[in-house]
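Observations on the model geometry
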Amino acid sequence: MATVTNCYSISEGSGKETNHYEISLRGSGIRYKPGDSLGFYPINNIELVKQTIRKIKAKRSDLVNTKETGEVTIEHALLNRFVIHRASKKFLTIVCEKIDKKKVKKELEEILEDKDKTEKYLFTRDCIDILSEYKVNFTPQELIDTLPPISPRLYSISSSPKAHPGEVHLTVAIVKYNNFERERFGLATGDLANRVEINKTKIPVYISQTRDFIIPEDGTKNIIMVGPGTGIAPFRAFIEHRKETHASGKNWLFFGEVHEESTFFYKDEWTEYMKEGNLQKLTTAFSRDQENKIYVQHRLLSNGKEIWKWLKNGAYFYVCGDKQYMAKDVHKALIEIAHKHGKMNQEDAEIYINQTLMKEEHRYLRDVY
Ligand SMILES: Cc1cc2nc3c(=O)[nH]c(=O)nc-3n(C[C@H](O)[C@H](O)[C@H](O)COP(=O)(O)OP(=O)(O)OC[C@H]3O[C@@H](n4cnc5c(N)ncnc54)[C@H](O)[C@@H]3O)c2cc1C
Ligand SMILES: NC(=O)c1ccc[n+]([C@@H]2O[C@H](COP(=O)([O-])OP(=O)(O)OC[C@H]3O[C@@H](n4cnc5c(N)ncnc54)[C@H](OP(=O)(O)O)[C@@H]3O)[C@@H](O)[C@H]2O)c1
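Calculation rules
- Within any chain, residue numbers begin from 1 and follow the written order of that chain's sequence.
- For naming, the first written chain is A and the first written ligand is 1, with later ones following in the order written.
- Confidence filtering applies because this is a predicted model: local features only for residues at pLDDT of at least 70, side-chain atom pairs given and counted only at 80 or more, and all residues used for totals across whole chains, interfaces and linings.
- Here a residue counts as buried when 20 or more other C-beta atoms fall within 10 Å of its C-beta, as exposed when 12 or fewer do, and as partly exposed in between; the C-beta atoms come from the backbone.
- Numbering goes from the N terminus for both helices and strands, where a helix is a DSSP run of H or I of at least four residues and a strand is a run of E of at least two.
- At least two DSSP bridges between two strands are needed for those strands to be called paired.
- A helix is expected to reach a length of 1.5 Å times the quantity of its residues less one.
- Each direction from the helix axis to a C-beta atom contributes to the arc, which is the arc of those directions.
- In this description, a residue-residue contact is defined by the distance between C-beta atoms placed from the backbone, which must lie within 7 Å.
- All the domain ranges listed were derived from an automatic or database domain assignment.
- Think of it as three bins: nonpolar holds Ala, Val, Leu, Ile, Met, Phe, Trp, Tyr, Cys and Pro, charged holds Asp, Glu, Lys and Arg, and polar takes everything else, Gly as well.
- For each residue, a C-beta atom is placed from the backbone, and the residue is labelled near a molecule or strand when this atom is within 6 Å of it.
- To define a nonpolar core, we join buried Ala, Val, Leu, Ile, Met, Phe, Trp, Tyr and Cys residues through C-beta atoms within 7 Å and take the resulting set.
- Axis geometry follows a simple rule: fit a line to the C-alpha atoms, using only the stretch in contact for helices, then measure angles between N-to-C directions, giving values from 0 to 180 degrees.

Structural notes on the pairing of strand β15 (residues 316-321)
- Counting buried positions over the six residues of β15 gives six, a clear majority of the element.
- Alternating residues of β15 divide into Tyr316, Tyr318 and Cys320 and Phe317, Val319 and Gly321, and every residue in both groups is buried.
- Taken together, the five bridges between β15 and strand β16 (residues 364-368) define a ladder with parallel strand orientation. If you follow Val319 over to β16, its bridge partner there is Arg366.

Some words on helix α14 (residues 326-341)
- Taking 1.5 Å of rise per residue, 16 residues should cover 22 Å, and α14 covers 22 Å from first to last C-alpha, within 8% of that figure.
- The complete set of buried residues in α14 reads Met326, Ala327, Val330, Ala333, Leu334, Ile337 and Ala338. For α14, the buried positions fall inside an angular range of 140° around the axis, keeping them on one side.
- Residues of α14 that are buried make contact with β12 (223-226), α12 (296-302), α13 (304-312), β15, α15 (346-360) and β16.
- After α14 finishes, the residue Lys343 shows a positive phi value of roughly 50°.

Details of the domain arrangement of the chain
- According to the domain assignment, the chain contains domain 1 (2-39 + 154-208), domain 2 (46-146) and domain 3 (223-368).
- Computed from C-alpha atoms alone, the centre-to-centre distance between domain 1 and domain 3 is 24 Å.
- Between domain 1 and domain 3, the residue contacts involve 20 residues of the former and 19 residues of the latter.
- The biggest single contributor to the side of domain 1 that touches domain 3 is strand β7 (residues 167-173), with four residues.
- Class assignment of the residues belonging to the side of domain 1 that touches domain 3 gives a composition of seven nonpolar, ten polar and three charged.

A few points about the site of ligand 1
- As a structural note, the neighbourhood of ligand 1 is formed by 22 residues, with Tyr177, Gly186, Ala188, Thr189 and Tyr369 the closest of them.
- Sorting the residues of the shell around ligand 1 by element identifies β6 (153-156), β7 and α8 (187-194) as the ones contributing at least two each.
- Of the residues that constitute the shell around ligand 1, the class distribution is eleven nonpolar, nine polar and two charged.

Some thoughts on the nonpolar core
- Judged by nonpolar contacts, the single largest core of 82 residues is most densely connected at Leu170, Ile224, Met225, Tyr318 and Val330.
- Of the residues forming this core, the biggest block, seven residues, is contributed by α14.
- When neighbours within four sequence positions are excluded, Ile224 is seen to be in contact with Trp252, Ile307, Trp310, Ala315, Phe317 and Tyr318.

Here's the deal with helix α9 (residues 233-244)
- Spanning twelve residues, α9 covers 17 Å between terminal C-alpha atoms, matching the ideal 16 Å at 1.5 Å per step.
- By the criterion of burial, α9 is predominantly enclosed, with ten of the twelve residues buried.
- Looking only at α9, the buried set comprises Ala233, Pro234, Phe235, Arg236, Ala237, Phe238, Ile239, Glu240, His241 and Arg242.
- Residue His246 follows α9 closely and has a positive phi angle near 55°.

Overview of the site of ligand 2
- The full set close to ligand 2 counts 22 residues, and Ala173, Gly229, Ser287, Tyr295 and Tyr325 are the nearest of them.
- Taken together, the elements giving at least two residues each to the shell around ligand 2 come down to β13 (251-257), α12 and α14.
- For the shell around ligand 2, the residue count by class is nine nonpolar, eight polar and five charged.
- No fewer than three residues from each of domain 1 (2-39 + 154-208) and domain 3 (223-368) sit in the shell around ligand 2.

Regarding the sheet that holds strand β2 (residues 18-24)
- In spatial order, the strands read β7-β2-β1-β10; together these four strands make up an open sheet with antiparallel pairing. Unpaired on one side and paired on the other, β7 and β10 (202-203) mark the two borders of the sheet.
- Alignment of strand β1 (residues 2-9) against β10, held across two bridges, turns out to be antiparallel. Looking across to β10, one finds that Ala2 is bridged to Ile203.

Notes on the pairing of β7
- Buried residues dominate β7, accounting for five of its seven residues.
- Direction of pairing for β2 relative to β7: antiparallel, over a ladder of seven bridges. Paired with Asn19 across the strands is Val172, a residue of β7.

Some details on unusual backbone geometry
- Phi at Phe180 takes a positive value of approximately 50°, unusual for a residue other than glycine.
- Take Phe180: it is sitting in the loop between β8 (176-179) and β9 (182-185).
- One non-glycine residue, Asn199, adopts positive backbone phi at about 60°.
- In this fold, Asn199 is placed in the loop between α8 and β10.
- You can call Asn199 exposed: it has 9 C-beta atoms within 10 Å.

As for the sheet that holds strand β11 (residues 205-208)
- Ordered by their spatial adjacency, three strands build an open sheet running β6-β3-β11, and the pairing between neighbours is antiparallel. The open sheet terminates on both sides in strands that have one partner only, identified here as β6 and β11. Averaged over all adjacent pairs, the angle separating strand axes in this sheet is 30°, with direction ignored.

Right under this line is the structure:
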């Protein structure tokens, strides 16, 4: 159980909510290294729990039996164990089975028969929304039996234990949206944003160790780090660590966010590191400060010649952040750089990046989610 000792916004005025958290691990014996992630077990929002219990016309003290907890109150089970902020297909299927009216049942069956329609329907709804739409009855036990268990969430640690003994720092984008005129939060980020009281709340955490996403043991190696958005997190840890261990290799950081004014995460720290000579190059891509989007991969391409020089001289290349789009685009940019500046044909450039750099030399490392 760890205590959050500090939390502040690093995206003030941007419309986004990205927070820096400092968490004390003192006395726990927990150790970590730069590149590791912190696992966090969230609980549901208590108001959402109460509303869900009201929706099935149950009492908070009604008892349910779960494999993990034995007999507990429905309030305890919903608060700590089961996902209620988004509805599952299992829940929707049971709702459908319970509907009496043929026409209404058929409508829902049509949604359930089509994977895309089901996903789209469930994307915006929680159990309360569905029970408002389809007036069916659930006993407390029936409800519990349809719900998936809460799973922990991982966060890349943004501190080095050498710079902050006994602490972990996190850089967290709060997931927040509005559907059907109700404000919604992601489970873990909502819990962090809304429940945590500084120096008071205890949160259950563990370390998820990385095997591959590590700083080169040889401190003379140069490193290139690409971390837009919350992808910046492990690189703050890397640079802190390289400073503390007096690593002589050069550090080049690529950072991207929406606006320089409001989302230049940890700007003061980078400025200080540049002055001290602990960060040699900082290249930024602020996507919405001009008409056309500029992303980190555009900056990689425009710096292609020098990147290629660094790579040929043995530099390590790290990427952290969005897996779905950013990491794929950065990957393509790297291949393009090998093709253009390494004077390789397309096939050889792909082999060099995918095989040589990534698999054989382990110099292209990713932590993407
Ligand atoms: C190795 C690793 C490292 C990570 N590091 C970090 C990190 O450093 N910082 C960080 O912030 N995150 C990080 N993450 C992501 C993090 O683990 C969580 O996935 C993220 O915080 C969301 O969790 P949540 O419980 O708040 O949201 P959930 O309750 O899981 O909800 C997220 C879901 O909400 C959905 N959603 C988003 N917007 C809407 C909308 N408008 N309408 C409907 N649905 C919507 C999304 O599709 C998404 O699937 C990391 C993940 C991994 C695997
Ligand atoms: N798997 C996941 O659950 C997952 C992964 C990553 C992010 N997210 C969610 O996204 C939200 C914010 O995440 P974040 O803070 O890490 O920032 P982010 O959304 O990844 O944005 C950071 C920067 O990357 C830019 N960007 C968008 N598409 C890109 C691309 N194809 N290539 C390179 N850069 C690109 C963004 O620009 P524009 O926005 O101006 O286009 C922005 O400037 C959170 O709600 C988070 O949960 C979810």
